[in-house]
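# Per-entry structural report
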Amino acid sequence: SLSRAITTTYHIINNNTQSQHHRRPSTNKITIITMSAKQIITPALRAASIHVRSSNLSPALSKSAAAHLSTAPAGGGGGVVHTLPDLRYDYAALEPSVSAETMEIHHSKHHNTYVTNLNVAMEKLDAAVSKGDAGSIIGLQGALKFNGGGHLNHTLFWENLCPAGESAVPSGGALKDAVEARWKGGFEEMKKEVGAMSVGVQGSGWGWLGFNVKTGRIEATTCPNQDPLQATTGLVPLLGIDVWEHAYYVDYRNVRPNYVNAIWDIINWKTVEERLVAAQQQK
Amino acid sequence: KHHAKYVNTLNALVAGTSLENQSLEKIIKATHKSKPGIFNNAAQAWNHSFYWKCMTPKGGGMPNENKHSKLLCDKINASFGSYDNFRKEFAEAANTAFGSGWAWLVSDAKGNLSVRKTIGADNPMVSSGKCCIPILTCDVWEHAYYLDYANLRPSYVDTFLDKLVNWEFVAENLERAVDSGKNWS
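Residues numbered from 1 in each chain as written. Chains lettered and ligands numbered in written order. Predicted model: local features only at pLDDT ≥ 70, side-chain atom pairs only at ≥ 80, totals over all residues. Heavy atoms only, no water.

Here we come to the overall build of chain A. Within chain A, the regular secondary structure consists of 13 helices and 3 strands. Every one of the 283 residues in chain A was classed for burial, and the buried ones make up 47%. Sequence-distant contacts, at least 24 apart, represent 70% of the contacts inside chain A between residues at least 6 apart. Summing over all exposed atoms, chain A offers an accessible surface of approximately 13,800 Å²; the carbon and sulfur share of this is 54%. (Helix = DSSP H or I, 4+ residues; strand = E, 2+ residues; numbered from the N terminus. Buried < 20%, exposed > 50% of the residue type's maximum accessible area, 1.4 Å probe, protein only. Contact = heavy atoms within 4.5 Å. Areas by Shrake-Rupley, 256 points an atom, 1.4 Å probe, with all protein chains shown as cover.)

See the structure below:
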């Protein structure tokens, strides 16, 4: 049905082209094309707009068609509209480490805002890319990094948390081996280092356990603001700890160390291990 | 708690060093590139002391020539076109700091005003050139507003601008900047 839609679109445009010799192309026809184009996902749309640009249409017609086609879809960057992921647990499930109140604001307000603003930035990016507007593309980088990073980071975060009753440090397996290869004192020493680094972040940022695909070892590090781990450092994210004040202020006020200590009780070590195994297989 | 911690940490860090008896400003300018640990605490100590003075009960709104200062009103209009334009630009800076930071109104030695935003502890007084003597600031670290406004930073910024800005203090800072090119300290 996708290819039929595209064929129909080409057909309408081609019919328009033929009639061009006899009368000026009607903008109403362009609007109709656009309305059916809205049903087509962006990759197909890009193909259509490339065809429009390269075909023998009048410059005015092909330019307006291309502009319409590139701005029509709801969701930029390849037809993907980013959405707020659901949590696998209730807002109250992470108490007492993190309160239901914090979870609700953090997930439904902060994370949601990153998603919304990411979609806005992606649409703008789409428009700028299809015009080849380098200045605007560059101008969007801040918003993309902030909101894209915010969305990526928080999505990883919710998945590496779980109710305390389900949180169990593995007694064997790939994660235990990797942790002990890096820290002689095993999980306890790793937690001390990751914890200290997370507490030490100046201002807003994240603490991370990441996998270095080049060395095959895991490492502890931090990133500022919403800078995403992999794009910034190349490390594959295994475990993220949000140390923006919004992550802990309601429950711990200024005492970030208490929050970081408490978060170890709700880490989903299964997810952390799954990420490690997947990353190790990339080698 | 936040401000006290910066002060206490700074005192501990400079104890027994050549910076021990220096003014806050001297410490800030001396350490901002070379000693980030000391800089962060010194700058945050200065920033917060300045911020408290930037607020007053029943403040905010448009400054008044007679009540506050003609110089201030003239310079806002000269630099931004109008108070409304200034307000818009300041709010935008405060709302778009991508992390913990501060929004600033700064003056050069001639009274030309501009809006800046900084991240973390950064303060425009360490900017290169002589552009930037702070005359007003708004703290947009989440701890400044989280309990009262949660994620709604724009509501906090609106309240700050419309109800809290201490224009008398801002006017004093402007006078000093124009007279001596010096910061408040």
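Attention now moves to the layout of surface pockets. Approximately 640 Å³ is the volume attributed to the largest pocket. Considering the residues around the largest pocket, the lining is formed by 25 residues, among which Thr113, Asn117, Phe146 and Asn147 of chain A together with Asn95 of chain B are closest to the centre. Contributing elements (two or more residues each) for the lining of the largest pocket: helix H5 (100-131) and helix H7 (141-159) of chain A together with helix H7 (153-164) of chain B. Of all the elements, H5 of chain A adds the most residues to the lining of the largest pocket, at 8 residues. For the lining of the largest pocket, the residue count by class is 13 nonpolar, 8 polar and 4 charged. (1 Å grid on protein atoms, 1.4 Å probe; cavity = no way out; pocket = protein on both sides within 12 Å on 5 of 7 lines; lining within 4 Å. Points joined across faces, edges and corners; volume = space filled by probe spheres on them. Nonpolar A, V, L, I, M, F, W, Y, C, P; charged D, E, K, R; others polar.)

Residue and element names in this part refer to chain A. Counting across every chain of the model gives 29 aromatic pairs over all chains. Seen in terms of ring centroids, Tyr252 and Tyr259 are 6.0 Å apart; in terms of plane orientation they differ by 55 degrees. Their pairing is tilted. Here the two residues Tyr252 and Tyr259 agree in accessibility, since each one is buried. Its guanidinium or amino end placed over the ring of Trp183, Arg182 lies 4.5 Å from that ring's centre, counting from NZ or CZ. (Phe/Tyr/Trp six-rings, centres within 6.5 Å; stacked < 30°, edge-to-face > 60°. Lys NZ or Arg CZ within 6 Å of the ring centre and 35° of its normal.)

So, on to the nonpolar core. In terms of nonpolar packing, the biggest core is built from 52 residues, with Ile28, Phe86, Phe90, Leu105, Leu136, Phe160 and Trp167 of chain B touching the most fellow members. For this core, the element with the highest residue contribution is helix H3 (residues 36-53) of chain B, accounting for 7 residues. The residues contacting Phe86 of chain B, other than those within four sequence positions of it, are Ile76, Phe80, Leu105, Val115, Leu136 and Trp167 of chain B. Membership of the second largest hydrophobic core comes to 48 residues, among which are Phe146, Ala262, Trp269 and Val272 of chain A. (Core = buried A, V, L, I, M, F, W, Y, C linked by side-chain atoms within 4.5 Å.)

This part is about the state of the cysteines. Here, disulfide denotes a covalent bond that connects the sulfur atoms of two cysteines. Residues and elements named next belong to chain B. Taken as a whole, this structure holds 1 disulfide over all chains when the rule is applied. There is a disulfide in this structure between Cys131 and Cys132, and the S-S distance comes to 2.1 Å. Between Cys131 and Cys132, the disulfide has an S-S torsion of -100 degrees and is therefore left-handed. Classification of Cys132 by relative accessible area gives buried; the value is 6%. (Disulfide = S-S within 2.5 Å.)

As a further point, take the confidence of the model for chain B. Residue-level pLDDT values for chain B average 95, and 100% of them are 70 or greater. For this predicted complex, the interface confidence reaches an ipTM of 0.91, while the overall pTM sits at 0.81. (pLDDT = per-residue confidence, 0-100.)

Counted by the stated rule, this structure contains 8 salt bridges over all chains. Note that Arg182 of chain A and Glu193 of chain A form a salt bridge whose closest N and O atoms lie 3.6 Å from each other. In this pair, Arg182 of chain A is assigned in helix H8 (residues 174-182) and Glu193 of chain A in helix H9 (residues 186-199), connecting sequence segments 11 residues apart. Accessibility expressed as a relative area gives 28% for Glu193 of chain A, which makes it partly exposed. A salt bridge links Asp162 of chain B to Arg87 of chain B; its shortest N-O distance comes to 3.0 Å. In this pair, Asp162 of chain B sits in helix H7 while Arg87 of chain B sits in helix H5 (residues 83-95), placing the two residues 75 residues apart along the sequence. Classification of Asp162 of chain B by relative accessible area gives partly exposed; the value is 37%. (Salt bridge = Lys/Arg side-chain N within 4 Å of Asp/Glu carboxyl O.)

Glancing now at a negative patch on the surface. A contiguous patch of negative charge on the surface is contributed by Glu168, Glu172, Glu175 and Asp179 of chain B. One can find Glu175 of chain B in helix H8 (residues 167-180). (Patch = residues over 30% accessible without salt bridge, like charges linked within 9 Å, V, L, I, M, F, W, Y side chains within 5 Å. Lys, Arg positive; Asp, Glu negative; His and termini not counted. Charge placed at Lys NZ, Arg CZ, Asp CG, Glu CD.)

Frequently, the measure chosen for interface size is the accessible area removed from exposure when the parts meet. With 17 residues of chain A at the contact, the number on the chain B side is 14 residues. With both chains or domains summed, chain A and chain B bury close to 1,600 Å², and 59% of this area falls on carbon and sulfur atoms. Of all residues in chain A, Glu245, Tyr249 and Asn254 of chain A bury the most surface against chain B, accounting for 34% of the area lost on that side. Applying the counting criterion to the chain A and chain B interface returns 0 salt bridges. Put simply, chain A and chain B have 7 residue pairs in polar contact (both at pLDDT 80 or more) between them. Among the elements of the structure, H5, H7 and helix H11 (249-252) of chain A are those that each provide at least two residues to the side of chain A that touches chain B. In terms of residue class, the side of chain A that touches chain B is built from 6 nonpolar, 8 polar and 3 charged. (Buried area = accessible area lost by both parts, 1.4 Å probe. Polar contact = N/O pair within 3.5 Å; in protein donor to acceptor, adjacent residues only side chain to side chain.)

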